[in-house]
Amino acid sequence: MAISRRDLLRLSIAAGAASSLGLTTDKRKTPQTPAALPGYLDAAVRAARWIRTARIETPEGYVWLTGPERPEGFDTTPNLYTGSSGIVLFLLELARATGDKAHREEAAAGADALIASLPEKVRLDREESGLYTGVAGIGFTLGQVFKETGDEKYRKAAVRCRDLIHAAAQPAGQGVEWGTVTDIIGGASGTGLYLLDVARTMDDTTSRDLAVKAGLRLIELGIPEGNGRKWRMDPTFERLMPNFSHGTAGVAYYLATLHRETGRQEFLDAALAGARYLQSIANTEGDTCLIFHDEPDNKKLYYLGWCHGPVGTSRLWIRLDQIDGKAGWLNWAKKGAKSILASGIPEHQTPGFWNNLGQCCGSAGVADFFLDLGKLTGDATYTTFARRVTKNILDRATRTPGGALKWVHAEHRVKPEYVYAQTGYMQGAAGIGMLMLRMDRETKGRGWAGRLPDSPFI
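Residues numbered from 1 in each chain as written. Predicted model: local features only at pLDDT ≥ 70, side-chain atom pairs only at ≥ 80, totals over all residues. Heavy atoms only, no water.

Caption draft 1: How the structure looks around empty space enclosed by the protein. Applying the stated criterion across every chain yields a total of four cavities of 30 Å³ or more. The space that makes up the largest cavity amounts to roughly 310 Å³. Residue lining of the largest cavity: 23 residues in total, with Arg315, Gln359, Asp368, Asp372 and Arg451 positioned closest to the centre. Secondary-structure elements contributing two or more residues to the lining of the largest cavity are α11 (310-323), α13 (363-377) and α15 (429-443). Taken together, the residues of the lining of the largest cavity sort by class into 12 nonpolar, five polar and six charged. (1 Å grid on protein atoms, 1.4 Å probe; cavity = no way out; pocket = protein on both sides within 12 Å on 5 of 7 lines; lining within 4 Å. Points joined across faces, edges and corners; volume = space filled by probe spheres on them. Helix = DSSP H or I, 4+ residues; strand = E, 2+ residues; numbered from the N terminus. Nonpolar A, V, L, I, M, F, W, Y, C, P; charged D, E, K, R; others polar.)

As structure tokens, this is what we get:
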């Protein structure tokens, strides 16, 4: 059985507390066969080819091993973070990009297995409702499969996911919650974003109402800090993480999104309080913006990616800019980008940007952010950097004898020696392949629709 992300996070922070000021990274280079770099679309096709080597055919449909080259990766999961949901989303986009129906058929077979994986009810102690960890992410994926195939069974399954989330909501304070986790990855903020997506796509006011109740509960859980407010991932978790995946930036982003959807002022007030707290703790030296990984032990450790760095936290700044374009919020996203540009990545690794190429902690997420910022501002500097980061990802691909591509990297900062190739979205080939598909579309002057419910651009 796979270890949960929360358990991995506890392990990482506990080990990182003693070494936050510096950490040796894995210096080994993956041997490369001299060859020209593949094009973006070709790289995505080759990534899918490698992912297929980890596919298992079951009576219910297709599942994929999460990391087939290590015993620890001989597991399967339906979730969006490391599992089948993320792979199915990638295959759907690949089918659209190539016109190859085989990719869509493979995605549909994966969706069939997702349907079979759905629980009878959501267990709140395992974050089973979560966007990246549970039913919310599965439901979003099944909805996308229905849009692509028109097959009614996927619509019904997506509705079932919605109903599971509704049934699992527990009254708490002035609102509702799904267990005690508040965050984007497995908690109320991510689940709420899924509900808002359901409300839009299914014209479902009950889901919007439930999302509002989740927001009201989150406001109650905010902790006053100076002139602002902060949130814990979980009241039982010993450290407080301020950035996007598990912290204040993610909760505030959700509350700002609620305001945008409903017009209710209390959600904007709470989001602005979260933003003020983040500004108060930000390292803004040189007109940059970096916010530490966690308190109290890692206040000098700065990540750069989606999970705990400017890539994710800038989603809050962008959302607030969408609400009030005259308040200067976009400048904070630019400050975060400046921090990344000044860091020396991707060629140089830092204590908070180690040997990781994925969407969550590493290079793929950075490239996506710079593509967004380039389109938002019209500044070609950002787009040029996105291409540079993507080229580095291609440079570091491992070519297999079958002509496929995989990416061997370290998921965990505190375990730099623990490297292997993964298949999933946030840490593996599916997420990197999705970036390649987006780069292909961008270079052809086409828009990009392959976004998840926590994107400020849906």
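Caption draft 2: View of the side chain of Asp234. Secondary-structure assignment places Asp234 in the loop between β6 (228-230) and α9 (248-262). Given a relative accessible area of 1%, Asp234 falls into the buried group. A polar atom in the side chain of Asp234 sits 3.0 Å from the side chain of Thr180. (Buried < 20%, exposed > 50% of the residue type's maximum accessible area, 1.4 Å probe, protein only. Polar contact = N/O pair within 3.5 Å; in protein donor to acceptor, adjacent residues only side chain to side chain.)

Caption draft 3: Just the nonpolar core, in detail. Counting 133 residues, the largest nonpolar core has Phe90, Tyr132, Trp178 and Trp306 as the members making the most contacts within it. In contact with Tyr132, not counting residues within four places along its chain, are Asn79, Leu80, Tyr81, Ile184, Ile185, Trp306, Met426, Leu452 and Asp454. (Core = buried A, V, L, I, M, F, W, Y, C linked by side-chain atoms within 4.5 Å. Contact = heavy atoms within 4.5 Å.)

Caption draft 4: Structural context of the packing of α13 against α15. Closest axis-to-axis distance for the α13/α15 pair is 9 Å, and the angle between their directions is 25°. By the angle between their axes, α13 is roughly parallel relative to α15. Pair α13 / α15 crosses with left-handed handedness. Two secondary-structure elements touch here, α13 through Ala364, Ala367, Asp368, Leu371, Asp372 and Lys375 and α15 through Ile432, Leu435, Arg438, Met439 and Glu442. Broken down by class, the residue content of the contact of α13 with α15 amounts to six nonpolar, no polar and five charged. (Axes fitted to C-alpha atoms, helices over the stretch in contact; angles between N-to-C directions. Parallel < 35°, antiparallel > 145°, perpendicular 65-115°, else oblique. Left-handed = near helix turned anticlockwise from the far one by under 90°.)

Caption draft 5: Seen up close, the packing of aromatic side chains. Scanning the model with the defined rule gives 11 aromatic pairs in all. Aromatic pair Tyr303 and Trp354: ring centres 5.2 Å apart, planes at 65°, arrangement edge-to-face. In this pair, Tyr303 is assigned in the loop between α10 (265-281) and α11 and Trp354 in the loop between α12 (329-343) and α13, connecting sequence segments 51 residues apart. No difference in accessibility class separates Tyr303 from Trp354, as the two residues are buried. What links up through ring pairs into an aromatic cluster is the set Tyr81, Tyr132, Phe244, Tyr253 and Trp306. The ring of Tyr62 is capped by Arg55, whose NZ or CZ atom sits 4.0 Å from the centre of that ring. A cation over a ring is seen here: Lys335 above Trp332, with NZ or CZ 5.4 Å from the ring centre. (Phe/Tyr/Trp six-rings, centres within 6.5 Å; stacked < 30°, edge-to-face > 60°. Lys NZ or Arg CZ within 6 Å of the ring centre and 35° of its normal.)

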